[in-house]
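# Observations on the three-dimensional arrangement
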Amino acid sequence: MANILFTNVRILDGGGTQPYTGEVLVQGNRISRVTRGVRAISTSGVTVVDGAGATLMPGMTEAHTHFSWNDQPSLGAIQRMPTEEHILWCAHIAKRYLDRGFTSCVGAATAKPRLDVVIRNAINSGQIPGPRYLAASQEITVPGGLADETLPHLPFPEFSFGAVVSGPDDMRRVVRQFLKYGVDTIKLNLSGEYIAGIPAEFTPMTDAEVAVAVAEARLRGKRVSAHARSCDSVKQCLRHGIDIIYHASFTDEEALDLLEAKKDKVFVAPGIAWLINTSYHAAEWGITPEIAKNMGYHRELEIAIESLKKMHKRGIRVLPGGDYGFAWIKHGTNAKDLEYFVRYLGFTPMAALVAATKHGAEIMMKASELGEIRDGYLADLLLIDGDPVANIAVLQDQSRLLAVMKDGQFHKAPDVRSARSVRPASVA
Ligand SMILES: [Zn+2]
């Protein structure tokens, strides 16, 4: 593999340091040297990429990803895609995440039992392009819970978006089945969701069922994540050692204290785009702002913003990403989340960037080797025409993404002309 030297780049290291002009040498799949200033590293035997003042930053992590969601307006519609088309869709979408600068994604549930596992394995074997990926199970739910899409006269699991279990023994059977398939994460639906006709503050799963799921996952060294909007479901996560909490809209002081006490273990990935866009931008699909308000989404959005602001202030890791792949928040627009974090959740642009990079590596279980531009770290890098610290929205513009590197290899190689057209470092 060729050694690559990025020179004349503004290094945004992902760890929170203000950007500085420097050079980064990639050897094999790792960053072997990072220096301040230019012409510090020998150019002999390396391919030189002159960034001409562009920003070099770590690849981003999407902390709450559903490749199998196919930009449809309901869970039932997502599920109805036949398996053969569905796996092709997932492969197509996996590439799109890499195209858009997401070099890591945490699978947050798959619509059919093995889609996530098959895609992860195909990426890892080099069969298809895609980000680093952690494969999830289907959403596991109880009868009448979120993702139980079976009809009374068609009680077949194939018709259901989620895997429906009732009681600890049934939970054990289903969790073991997903672990047999090779998932990295077991996903539990611990609260409701208004669009499915189930209140967000409803918490339907018993502690006995949750405990069995966590015990079985742990036995094989795997993790559990949860759809947890209600305050009770957030506490249920913390009671059972579930460290990946999706949504966490409703909290009280006790829940916040419990989260803070476990802030070195817990990740919250709220999927805030879902609440914002379902509330105000889904009219084309029949959900006018008035309908969304009546469902409960406006109230939940307001409460969630307050909860998440408090979490961020307390140093709890809140990560961008989540629930893209629905009709009104399509795959590929995920970098919008960083802008939402700045606009709504009290993040500085730098804090949002750290959440997407350093903290992203932590949820990927690659802390201290991914998510920052440092000697010895894995070379997942983005070259960007612009300064995301000054304008976080630049990450949403694919034409400004000059290069994408994953594991030391270019997924998108820099075009010399476009790299030269950006402003030199001295005036950047
Ligand atoms: Zn989700």
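Cut-offs and rules
Here the residue numbering is sequential within each chain, running from 1 through the sequence in written order. A pLDDT threshold of at least 70 governs which residues receive local features in this predicted model, and a stricter bar of 80 or more applies before side-chain atom pairs are shown or counted, although totals over entire chains, interfaces and linings include all residues. Processing note: side-chain calculations cover all non-hydrogen atoms of the structure and skip hydrogens and water entirely. Cysteine sulfur atoms that pair up within 2.5 Å are treated as a disulfide. Burial here depends on accessible area, computed with a 1.4 Å probe over protein chains only, as a share of the maximum for the residue type. Under 20% is buried, over 50% is exposed, and the range in between is partly exposed. Note that water is not among the atoms considered, so a metal site may appear incomplete; the donors listed are N, O and S atoms within 2.8 Å of the metal, with 3.2 Å applied to Na, K and Ca. Secondary structure counts use DSSP, requiring at least four H or I residues in a row for a helix and at least two E residues in a row for a strand, with both numbered from the N terminus. Here, a strand pair is defined by DSSP locating no fewer than two bridges between the strands. What counts as an axis is a line fitted to C-alpha atoms, over the stretch in contact for a helix, and the angles between N-to-C directions run from 0 to 180 degrees. In this analysis, two residues are considered to be in contact whenever any of their non-hydrogen atoms come within 4.5 Å of each other. The term nonpolar core refers to a set of buried residues drawn from Ala, Val, Leu, Ile, Met, Phe, Trp, Tyr and Cys, joined through side-chain atoms within 4.5 Å. For every residue, the pLDDT score states the predictor's confidence, bounded by 0 at the bottom and 100 at the top. For Phe, Tyr and Trp, rings pair up if their centres lie within 6.5 Å, where Trp contributes its six-membered ring, and each pair is then called stacked (planes under 30 degrees apart), edge-to-face (over 60) or tilted (otherwise). The rule for a charge over a ring is simple: NZ of Lys or CZ of Arg within 6 Å of the ring centre, and within 35 degrees of the ring normal.

The next thing to look at is the state of the cysteines. Should the sulfur atoms of two cysteines be covalently bonded, the bond is a disulfide. Scanning all chains against the criterion turns up zero disulfides. Unpaired in this structure, Cys231 has its nearest cysteine sulfur neighbour in Cys237, at a distance of 11 Å. Take Cys231: its relative accessible area is 15%, and that puts it in the buried class.

Protein coordination at the zinc ion: the donors are His64 (NE2), His66 (NE2) and Asp323 (OD), at 2.0 to 2.3 Å from the metal. Taken in chain order, the donor set of the zinc ion reads H-x1-H-x256-D. Taken together, the positions of His64 in strand E6 (residues 60-65) and Asp323 in the loop between strand E15 (317-318) and helix H11 (336-344) put the pair 259 residues apart, joining distant regions of the chain. The exposure class of His64 is buried, given its relative accessible area of 1%.

Let us now look at the sheet that holds E15. Pairing is parallel in the open sheet, where seven strands are placed in the order E10-E9-E11-E12-E13-E14-E15. Each of the sheet's edge strands pairs with one partner strand only, and the pair in question is strand E10 (163-164) and E15. By the bridge criterion, three bridges tie strand E13 (residues 244-247) to strand E14 (residues 267-269) in an arrangement that is parallel. Counterpart to Tyr246 in the pairing with E14 is Ala269.

One non-glycine residue, Asp323, lies in the positive phi region at around 65°. Of note in the backbone geometry, Ser368 takes a positive phi value of approximately 70° without being a glycine. Along the chain, Ser368 turns up in the loop between helix H13 (358-363) and strand E16 (381-384). Owing to a relative accessible area of 60%, Ser368 belongs among the exposed residues under this scheme.

A few words on the sheet that holds strand E7 (residues 102-107). Spatially, the three strands line up as an open sheet ordered E6-E7-E8, and their pairing is parallel. Since the sheet does not close on itself, it has two edges, and those belong to E6 and strand E8 (132-134), each with one partner. On average, each strand axis in the sheet is inclined to that of its neighbour by 15°, with strand direction left out of account. Two elements, E7 and E8, share three bridges in a ladder whose sense is parallel. Counted as the bridge partner of Val106 is Leu134 from E8. Along the sheet, helix H2 (residues 83-99) contacts E6 and E7; its crossing angle with E7, the most-contacted strand, is approximately 130°.

Glancing now at the nonpolar core. Among the nonpolar cores identified, the biggest contains 106 residues, and Ile140, Ile186, Leu188, Leu259, Val268 and Leu395 are the most heavily contacted of them. If sequence neighbours within four positions are ignored, Ile140 has contacts with Ala163, Val165, Met171, Val174, Val175, Phe178, Ile186, Lys187, Leu188, Asn189 and Met205. Counting 19 residues, the second-largest nonpolar core is a separate cluster that includes Ile4, Ile31, Ala54 and Ala379.

On average, residues of the chain carry a pLDDT of 95, and 97% of them reach 70 or more. This stretch, residues 417-428, has a pLDDT under 50; its non-local contacts, to residues over four places away or in other chains, come to 21 contacts.

The next point concerns the environment of Ala413. Position of Ala413 relative to the elements: it lies in the loop between strand E18 (409-412) and helix H14 (416-421). Classification of Ala413 as partly exposed rests on a relative accessible area of 48%. Sequence separation between Ala413 and Leu383 is 30 residues; the distance between their C-alpha atoms is 9.6 Å.

Once that is clear, we can look at the packing of aromatic side chains. As enumerated under the stated definition, the model contains 16 aromatic pairs in all. Taking the centre distance of 6.0 Å and the plane angle of 75° together, the rings of Phe6 and Phe410 count as edge-to-face. In this pair, Phe6 is assigned in strand E1 (residues 4-11) and Phe410 in strand E18, connecting sequence segments 404 residues apart. One aromatic cluster in this structure is built from Trp69, Phe161, Tyr194, Trp274, Trp285, Tyr297, Phe326 and Trp328. Taking the ring centre of Tyr20 as reference, the NZ or CZ of Arg36 above it sits at 3.9 Å.

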